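What follows is the residue order along each chain.
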Amino acid sequence: MKRSSLYIGIILLLIGCKKSEITQSVSSASANFSIHHEISTAQLLFDTILYATPSGYEISTTRLEYYISDVKFKDASGITIHQDANAHYINGRNQQTINIHNILIKEYQQIELTLGIPPYLNEHGKIPNTSENVGMIWPVNMGGAYHFLKFEGHFRKPNQTSSSGFAIHLGETGNEVIISVTIPLSTNEGNGNNFEINVNPLEWLTNPNDYDFELDANYTMGIPELMQKIQETGSTIVTTISQQ
């Protein structure tokens, strides 16, 4: 009986060692996604009326804040191999990089990301209580959780000298935007996997819907049909994702 127990103990020890060896032999990678805000390949400029919209307005941008979250790496079959279950706050005035860790080293064929916050994170306390995230809280009396987007500025018609303000705000579960980009990419061991995400914020105002500040409204917060219109246009704001 003692000898049998000894044999069992030795076998379990060997199995445990093998598992440890396997775990230690699996290498992982980190990926760095730099975010660039561009209009016709030129960097987005703030606080000056420079840009034309399809609805016939000239606009400026004074605020551009949003989230990129739930980044997924998929294989050729569309199966998610790695999921980054975090919400990354983006401020268009800053040069920002999203860092994602513990990615399995292999070839991927697709990147999927969410503009906004997925339902499993879109509750108070589910993301870090930073000043940036607190500033994106959606009012409790309107359902709570977080803003997905704050896009603000001024608009005018080409023949006008005075301008009015606009505030395109998006929130509430169901209005997040899921973007999938087919791109062959590979990850190598370590931290040298660099990617670039190019974002054109004017796409929030067009494709497939042209947003009109006068016929629609110059603000969207709490207006379901207008937030849906913006949610639908969000599918084209990521113009490219490329591996550097």
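Residues numbered from 1 in each chain as written. Predicted model: local features only at pLDDT ≥ 70, side-chain atom pairs only at ≥ 80, totals over all residues. Heavy atoms only, no water.

Enquirer: Would you take a moment to explain the overall build of the protein chain for this structure?
Expert: The number of helices and strands found in the protein chain is three helices and 12 strands. Counting all 244 residues of the protein chain, 45% fall into the buried class. Long-range contacts, defined as pairs at least 24 residues apart, comprise 71% of the intrachain contacts of the protein chain with a sequence gap of at least 6. Carbon and sulfur atoms make up 51% of the accessible area of the protein chain, which totals about 12500 Å². (Helix = DSSP H or I, 4+ residues; strand = E, 2+ residues; numbered from the N terminus. Buried < 20%, exposed > 50% of the residue type's maximum accessible area, 1.4 Å probe, protein only. Contact = heavy atoms within 4.5 Å. Areas by Shrake-Rupley, 256 points an atom, 1.4 Å probe, with all protein chains shown as cover.)

Enquirer: Even after reading the chapter, I still don't get the nonpolar core, so can you show me in this structure?
Expert: The tendency in soluble globular proteins is for nonpolar side chains to be buried side by side. Residues Ile59 and Phe73 are the most contacted members of the largest nonpolar core, which totals 60 residues. Residues contacting phenylalanine 73, with those up to four places away along its chain left out, are Ala31, Phe33, Ile79, Thr80, Ile81, His82, Ile100, Ile103, Tyr108, Gln110, Ile111 and Leu185. (Core = buried A, V, L, I, M, F, W, Y, C linked by side-chain atoms within 4.5 Å.)

Enquirer: Just to check I follow, could you spell out the environment of alanine 76 for this structure?
Expert: Mapped onto the elements of the fold, alanine 76 is located in the loop between strand S4 (58-74) and strand S5 (80-91). Sequence-wise, alanine 76 and glutamine 109 are 33 residues apart; in three dimensions their C-alpha atoms are separated by 5.2 Å.

Enquirer: Could you clarify how one ought to interpret unusual backbone geometry in this entry?
Expert: Look at the link from asparagine 207 to proline 208: it is a cis peptide, with omega at 5°. Looking at the element boundaries, proline 208 is found in the loop between strand S11 (190-199) and helix H3 (224-233). One non-glycine residue, serine 40, lies in the positive phi region at around 50°. Relative to the helices and strands, serine 40 resides in the loop between strand S1 (28-39) and strand S2 (42-43). Its relative accessible area of 64% is what places serine 40 among the exposed residues. Even without being glycine, aspartate 47 reaches a positive phi, approximately 70°. Within the secondary structure, aspartate 47 is located in the loop between S2 and strand S3 (51-52).

Enquirer: Whenever I open this one, the side chain of histidine 37 confuses me. Can you help?
Expert: On the secondary structure map, histidine 37 appears in strand S1. Within the structure, histidine 37 has its side chain in polar contact with the side chain of tyrosine 66 (distance 2.7 Å). (Polar contact = N/O pair within 3.5 Å; in protein donor to acceptor, adjacent residues only side chain to side chain.)

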